[in-house]
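Reading the structure
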Amino acid sequence: MKSYPEIAEAVAEVRERIAGAARRSGRKPEEILLVAATKTVPTERIQEAIRAGVGALGENRVQEAEEKIREIRDKVAWHLVGHLQTNKARKAVEVFDWFHAVDSLHLAQAVGKRARELGKAVPVLVEVNTSGEVTKYGLSPERAGEELERIASVEGLAVKGLMTVGSFGPMEEARACFRNLRRLRDEIARCAFPNVSMEHLSMGMTNDFEVAIEEGATMVRIGTAIFGARN
Ligand SMILES: *Cc1c(COP(=O)(O)O)cnc(C)c1O
């Protein structure tokens, strides 16, 4: 894990790399949201990233996020970036501002139900398994459009785009995953389903975020490059 000054430096360096990739793809750096992936990272270190200007935090577990939110009082947005079990959906809606990994109608219904009770509309991204790797979550690209239309019909949700985890293989394989997600986004956008805006593509992690931005990412989820290796 990195020490405090190193975290601030790492945030600055990641921002520069984001800006470089944005320019290469003809976009403005401000169009890309840096979501700091903070699983297993202690709160003092997360606060160091917040002081360095990070305003969006990505967590994978509901309980871990809940504990951190109690300690971190700064006004930041909490993103659930990992897989969510349906039985944790109620709690998750109370804790998180954004959901990146909705991959079934069943889960969407559980999230939507609690959101309606709380009088909110939760922004969600639909996760697609672009690599075909069996260890990864997400809808198959073939089924994603159809299922997304059903998910978008659930009240209490606002579908804002797609999310994927790229292949961990060679970089060109990751690039193909991101390109396919973008194509799928464009196809779904043309369908103009009600309650769907396809403005966001959450893709890219420490090892592949620049390539993801070149292929159209609007949100990158970065942990290791900011905080160092996790134990
Ligand atoms: C941990 C995690 C990340 C960040 O991974 P790094 O390689 O550490 O940048 C991004 N997305 C998801 C879904 C994660 O679980």
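Note that residues are indexed from 1 along each chain, following the sequence as it is written. Only residues with pLDDT of 70 or above have their local features reported here, since the model is predicted, and side-chain atom pairs are shown and tallied only from 80 upward, although totals for entire chains, interfaces and linings are computed over all residues. Remark: hydrogens and water are excluded; side-chain values derive from all non-hydrogen atoms of the structure.

This part takes up the overall build of the chain. Helix and strand definitions here come from DSSP, where helices need a minimum of 4 consecutive H or I residues and strands a minimum of 2 consecutive E residues; each element is numbered from the N-terminal end. Each helix and strand counted, the chain has nine helices and eight strands in total. For the chain, the spread of C-alpha atoms along the three principal axes comes to 45 × 40 × 30 Å. For the chain, the proportion of contacts with a sequence separation of at least 24, taken over those separated by at least 6, is 60%. Working note: accessible area of the chain is about 10,800 Å², and carbon and sulfur atoms make up 48% of it. Whether two residues touch is decided by their heavy atoms; if any such pair falls within 4.5 Å, the residues are in contact. Methods summary: accessible areas were calculated by the Shrake-Rupley approach with a probe of 1.4 Å, and residue burial reflects only the protein chains presented.

Now for the pattern of salt bridges. Any carboxyl oxygen of Asp or Glu that lies within 4 Å of a side-chain nitrogen of Lys or Arg is treated as forming a salt bridge with it. Scanning the model with the defined rule gives 21 salt bridges in all. E66 is the partner of K91 in a salt bridge, and the nearest nitrogen-oxygen pair spans 3.1 Å. Of this pair, K91 sits in helix α4 (residues 89–95) while E66 sits in helix α3 (residues 62–71), placing them 25 residues apart in sequence. Judged by relative accessible area, which is 36%, K91 ranks as partly exposed. Summary of the burial criterion: residues with accessible area below 20% of their type's maximum are buried, those above 50% are exposed, and those between are partly exposed, where the area comes from a 1.4 Å probe applied to protein chains only.

Right, let's talk about the site of the ligand for a bit. In the vicinity of the ligand, the residues found are A37, K39, N60, V81, M205, T206, R221, I222, G223, T224 and R230. Identification of polar contacts relies on pairs of N or O atoms within 3.5 Å, with a donor-acceptor requirement for protein atoms, meaning one able to donate a hydrogen and the other able to accept it, and with residues adjacent in sequence counted only if both atoms are side-chain atoms. Residue G223 places a main-chain N or O atom 2.8 Å away from an oxygen atom belonging to the ligand. At 2.5 Å from an oxygen atom of the ligand is found a side-chain nitrogen or oxygen belonging to T224. Here the ligand loses 89% of its free accessible area of 390 Å² to cover by the protein chains. Cavities and pockets were defined on a 1 Å grid built over protein atoms only: a cavity is a set of grid points that admits a 1.4 Å probe from which the probe cannot escape, a pocket is an open set flanked by protein on both sides within 12 Å along at least five of seven lines, and lining residues are those with an atom within 4 Å of any such point. If over half the atoms of a molecule are within 2 Å of the grid points of a cavity or pocket, the molecule is regarded as sitting in it. With respect to the pocket detection grid, the ligand is positioned in the largest pocket. Class assignment of the residues belonging to the shell around the ligand gives a composition of four nonpolar, four polar and three charged. In this text, near means that some heavy atom of the residue lies within 4 Å of the molecule or strand in question. Under the convention adopted here, Pro, Cys and the residues Ala, Val, Leu, Ile, Met, Phe, Trp and Tyr are nonpolar, Asp, Glu, Lys and Arg are charged, and Gly plus all remaining residues are polar.

Let's shift gears to the environment of S153. By secondary structure assignment, the location of S153 is in the loop between α6 (141–152) and β6 (157–163). By relative accessible area, S153 is classed as exposed at 56%. Polar side-chain contacts of S153 include one of 2.6 Å to the backbone oxygen of R150.

What follows covers unusual backbone geometry. Backbone geometry places T40, a non-glycine residue, at a positive phi of 70°. Counting through the fold element by element, T40 comes out in the loop between β1 (33–37) and α2 (43–51). Positive phi, normally seen in glycine, also occurs at A192, with a value near 50°. For A192, a relative accessible area of 60% translates into the label exposed.

We now examine the nonpolar core. Throughout, nonpolar core names a set of buried Ala, Val, Leu, Ile, Met, Phe, Trp, Tyr and Cys residues whose side chains join them through atoms within 4.5 Å. Residues F99 and L162 are the most contacted members of the largest nonpolar core, which totals 67 residues. Top element by residues in this core is helix α1 (residues 4–24). It accounts for six residues. Discounting residues that sit within four places of it in the chain, F99 has contacts with L80, L84, A92, V93, V111, V122, P123, V124 and L125. Grouped together as the second largest cluster of nonpolar side chains are five residues, W98, L125, M163 and M219 included.

Its boundaries defined by the atoms lining it, the largest pocket holds a volume of some 700 Å³. If you go around the largest pocket, you meet 30 residues; those closest to its centre are K39, N60, V165, F168 and M205. Looking at the lining of the largest pocket residue by residue, the class counts come to eleven nonpolar, eleven polar and eight charged. Grid points are joined across faces, edges and corners, and a volume is the space filled by probe spheres set on the points. What the second largest pocket holds in volume is close to 240 Å³. Around the second largest pocket, the lining residues are N60, R61, V62, Q63, E66, H83, L84, Q85, K88 and K91.

So far we have only geometry, and geometry alone does not tell us how the molecule works.
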